[in-house]
Amino acid sequence: MSFSSADPLPAEGTAPSGTPSGAPVAPPEILAGVPLLEAPGWAVAQRSLFDLLEQAWRRFADAFTRPDGGLNYNGELTTRDGVDDFYEVFFNWPQLYLLGGSDEVLAASEKHWEGVTRQLTELNMLRDEYERGYDWFHQGESLLLLYFLCMAAPERWSERAVRFAELYVDPAHGNYDPQHRIITRPHNGSDPDRQGLSDGEVYPWLQKEADTYGYPLEWIPEAQGGPFPLDSDPRLGKQMRERMGVGDTAVNLAAAGLVLNAWILTHEERYRDWIVDYVGAWRERTEANGGLLPDNVSPDGVVGGLHDGRWYGGHYGWSWPHGWHSVGHAATVAALAAATATGDDDYLSMVSSTLDAMIDQGKVMPYTEADSSLPSKWAVELAEDKDTPTLHLPFRYKDSGWFDYNPATPPVPVALWHHTAADADRARLERLREADGIDWRTVRPFRSKEESAHEKAWFAFLAGDDPGYPERILATAQAQIRHRLRRVERYKDLDVPEADIHVWQQCNPVATEALVQLTWGGPQVLYNGGLQQARVRYYDAQARRAGLPQDVAALVSSIDPEATTVELVNLSPEAERTVIVQAGAMAEHTITSVRYTTCADDAWIGDMYDYGHTQPVVTEAQTVADGPFLTVRLPASTRIRLTLGLALRANTPSYRTPFDEEGSA
């Protein structure tokens, strides 16, 4: 961890306390003095992307949504699945606002949350505006929209966020057992009467899904001699209810993101204490299991208690259906929540030790020889490199050992490194890169559901190996938006059946990954319920709102805490813009020093008869800082490069803004 020298290291179980109380101290102000003689290509492309995004979200809303904000859908939902597919459509719309999108996109985001919530309530999927009961692989996806709304407008969304967190923090709701430190069942939420894994005698599992992911509980007699279709065989359904439908499962760890969001909004100790209690229990279970995160806990608090002693086999766990794809992301959401709330990065060990064990089991092979259960994912992400030998990690585990080998995915190791900036976490990424048969500078023209998966190329850029990355990733984003707008035109008149409710996600033209990486210096949010990571964010001082001002582009080219490099460019030929730079996604870092480029007054103009004097004389200056904010004035057609020294996590995370009268939101 890094703290400013003025702040004592917090004790374990407490949060950093660097955030001042009362009125915030005015941030230092810097005037950009370097003239913009030739606009960088990345800056022009970035502002063009903002313009295209503004057109794109409006076109989607016109084509697919009702006047009240709900989606054009007149069907029913016959299983417990589907809530996430309605909310996910808009998950990154308020994120676009926070990046610098229009006020209208935030208003639309709020309207769509309200409209979809009414719609899902009518479909009997919600109670008191919250999921009645479903697994956290999907709940985490549903809640990303809410988390970004809280970040963008905490005064309007805090009541809901706290009310939802109370469903888990208050044992009276039936979701949490403080004695055994478990979430009581895999399908949990606002309806305590929703038990088991389905409403009927069988599990609603389609044959095509079974062909891809297999069957659970493969060691029990009911699973032998088959396979038996889960959607018609009540025998395995009964075993699933009894062994997998009660007790805790590792994917429930994503609930820590919901509670962390409430803590950031309120700073009430009970939310931090719940995270410490719950995530701490899973950390202890991981340590007791030799550093491998288990995936199931019986109602009496025993790992493997319903699985004949197996640490694997839980619902959405290591054996079925997704393994690391669900377990790893949920655990990372929880570990980051605990580290953020307490200042104790050792919580991350339950993720890193498990990840390192998987890396030790890695094999170099072409994807065409792997037993991967995610062919549709890798078809677009690997493209012509599907035959290139590269490092594969096992995503799943069963009685016979590790299986389901997939190319090493970067979101989790990148999230760990971004949080700690530790040598060990960077070395892990370098190890993965060295073992990879595919050049990490490769930028594929795709957009995954998670709106991520370009972390490898971003890491190569940050390492100084690919200066052309910003323009290439911005071009890729533009191409994907235009591709999705064509999908909008194709499917806008579709009478969407229940089986096709993913069509909205596949048409969502809001692409934010490139902007998050380049302007905030952070990875895209972990999709199964994570909160945003960033080295810096921005506010428009004149409009008094979050996001980059009109005409301003930003590029973060280094996220080293001792030298985080940010370039700001004002493309307007006539208007001055003022940017407030914030250290961290939630003002959790402190800016300890600033070095910046400057230029003597009129030195760049030269004598009107001195035709050879055409370049500005750029020098470097520095100023002292001691807070999360820095004000930068950008006269028309100017640029500035800032090198920030940061003390990571020196302040209590908050959704406050530099415009708040008090020190916290």
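Bear in mind that the values here come from a model prediction, so they are computed numbers and not experimental data.

Quick notes on the rules
- Residues numbered from 1 in each chain as written.
- Predicted model: local features only at pLDDT ≥ 70, side-chain atom pairs only at ≥ 80, totals over all residues.
- Heavy atoms only, no water.
- Helix = DSSP H or I, 4+ residues; strand = E, 2+ residues; numbered from the N terminus.
- Rg over C-alpha atoms; globule rule 2.2 N^0.38 Å.
- Buried < 20%, exposed > 50% of the residue type's maximum accessible area, 1.4 Å probe, protein only.
- Contact = heavy atoms within 4.5 Å.
- Pairing = 2+ DSSP bridges.
- Axes fitted to C-alpha atoms, helices over the stretch in contact; angles between N-to-C directions.
- Polar contact = N/O pair within 3.5 Å; in protein donor to acceptor, adjacent residues only side chain to side chain.
- Core = buried A, V, L, I, M, F, W, Y, C linked by side-chain atoms within 4.5 Å.
- Phe/Tyr/Trp six-rings, centres within 6.5 Å; stacked < 30°, edge-to-face > 60°.
- Lys NZ or Arg CZ within 6 Å of the ring centre and 35° of its normal.
- Salt bridge = Lys/Arg side-chain N within 4 Å of Asp/Glu carboxyl O.
- Expected span 1.5 Å × (residues − 1).
- Arc of directions from axis to C-beta.
- pLDDT = per-residue confidence, 0-100.

Novice: What am I meant to see in the overall build of the protein here?
Specialist: Across its full length, the protein carries 19 helices and 20 strands. For the protein, the C-alpha radius of gyration of 25 Å lies close to 26 Å, the compact-globule estimate for 665 residues. Within the span of the protein, comprising 665 residues, buried residues form 63% of the whole. Considering only residue pairs separated by 6 or more positions, the protein has 75% of its internal contacts joining residues 24 or more positions apart.

Novice: Even after reading the chapter, I still don't get the sheet that holds strand β11 (residues 401-407), so can you show me in this structure?
Specialist: Working definition: the strands of a sheet are paired by backbone hydrogen bonds and lie parallel or antiparallel to each other. The sheet built from three strands is open, its strands ordered β9-β10-β11 with antiparallel pairing. Either end of the sheet is taken by a strand with one partner, and the two such strands are β9 (363-365) and β11. Neighbour to neighbour, the strand axes of the sheet diverge by 50° on average, direction disregarded.

Novice: Explanation requested: the side chain of Arg444 in the structure shown.
Specialist: Tracing the backbone shows Arg444 in the loop between α15 (423-435) and α16 (455-462). With a relative accessible area of 7%, Arg444 lands in the buried category. Of the polar contacts made by the side chain of Arg444, one reaches the side chain of Asp385; its length is 2.4 Å. Not counting residues up to four positions away in its chain, the partners in contact with Arg444 are Val380, Glu381, Leu382, Ala383, Glu384, Asp385, Ile438, His454 and Thr476.

Novice: Help me understand helix α19 (residues 513-520), please; the structure alone is not making it clear to me.
Specialist: Each full turn of the α-helix corresponds to 3.6 residues, which orients residues three or four apart in the same direction. Judged by how many residues are buried, α19 sits mostly within the fold: eight of eight residues are covered. Where α19 is concerned, the buried positions are Glu513, Ala514, Leu515, Val516, Gln517, Leu518, Thr519 and Trp520. The inward-facing, buried residues of α19 contact α1 (41-64), α3 (93-99), α16, α17 (469-491), β12 (536-540) and β14 (552-560). Immediately downstream of α19, the backbone of Gly521 shows phi near 65°, a positive value.

Novice: Hey, could you run me through the nonpolar core in this one?
Specialist: Considering soluble globular proteins, one finds that nonpolar side chains tend to be buried as a cluster. By size, the foremost hydrophobic cluster in this structure holds 210 residues, and its most contacted members are Trp504, Tyr538, Leu568 and Leu642. The contacts of Tyr538, once residues within four sequence positions are left out, are Thr519, Trp520, Ala546, Gly547, Leu548, Ala554, Val556, Val566, Leu568, Val579, Ile580 and Val581.

Novice: Would you mind showing me how to read the packing of aromatic side chains here?
Specialist: To describe a pair of aromatic rings, you give the distance between the ring centres and the angle between the ring planes. This model, assessed by the stated rule, comprises 34 aromatic pairs. With 5.0 Å between their ring centres and 90° between their planes, Phe90 and Trp93 make a pair best called edge-to-face. Trp93 shares its class with Phe90; the two are buried. Between Trp318 and Trp324 the ring centres are 6.2 Å apart and the planes differ by 20°, which places this aromatic pair in the stacked class. The buried category is assigned to Trp324, whose relative accessible area is 4%. An aromatic cluster of three or more residues is present, and its members are Trp311, Tyr312, Trp318, Trp324, Tyr397 and Trp402. Here the basic side chain of Arg283 rests over the ring of Tyr347, its NZ or CZ set 3.9 Å away from the ring centre. In this arrangement the basic side chain of Lys398 is found over the ring face of Phe403, its NZ or CZ atom lying 4.5 Å from the centre.

Novice: Looking at this structure, how should I read the sheet that holds strand β19 (residues 629-634)?
Specialist: The strand order across the open sheet formed by five strands is β1-β19-β16-β12-β13, and the pairing between neighbours is mixed. Edge positions in the sheet fall to β1 (29-31) and β13 (545-546), since each has one partner strand and no second.

Novice: It is not clear to me how the pattern of salt bridges should be interpreted in this structure. Could you clarify?
Specialist: Counting across every chain of the model gives 48 salt bridges. With a closest N to O distance of 2.7 Å, Arg58 and Glu54 form a salt bridge. Highlighted residues: Arg58 and Glu54, both in helix α1, separated by four residues, approximately one helical turn. When its relative accessible area of 32% is taken as the criterion, Arg58 is described as partly exposed. Notably, a salt bridge pairs Asp465 with Arg433, separated by 2.8 Å at the nearest N-O pair.

Novice: It is not clear to me how α15 should be interpreted in this structure. Could you clarify?
Specialist: For α15, with 13 residues, the first-to-last C-alpha span of 18 Å sits near the 18 Å given by 1.5 Å per residue. Looking at α15, one finds that the buried residues are Asp425, Arg428, Leu429, Leu432 and Arg433. Taken down its axis, α15 places every buried residue within 135° of arc, on the same side. Facing away from the buried side of α15 by more than 90 degrees, the exposed set consists of Asp423, Ala424 and Glu434. At its buried positions, α15 is contacted by α12 (349-360), β10 (390-398), α14 (411-420) and α16.

Novice: Just to check I follow, could you spell out the confidence of the model for the protein for this structure?
Specialist: Interpretation of the predicted coordinates at a detailed level should be avoided for regions scoring low in pLDDT. When pLDDT is averaged across the protein, the result is 92; 92% of the residues are at 70 or more. A low-confidence stretch, residues 602-613 (pLDDT under 50), is modelled with seven contacts involving residues beyond four sequence positions or located in other chains.

Novice: How should I be thinking about unusual backbone geometry in this particular structure?
Specialist: Both trends apply: most residues other than glycine have a negative phi, and most peptide bonds are in trans. Cis peptide bonds are those with omega within 30 degrees of zero, and the linkage from Trp320 to Pro321 qualifies with -5°. You can see Pro321 is positioned in the loop between β8 (296-297) and α11 (324-342). Within the chain, Glu451 stands out as a residue other than glycine whose phi angle is a positive 55°. Relative to the assigned elements, Glu451 resides in the loop between α15 and α16. According to the relative accessible area criterion, Glu451 is buried, its value standing at 4%.

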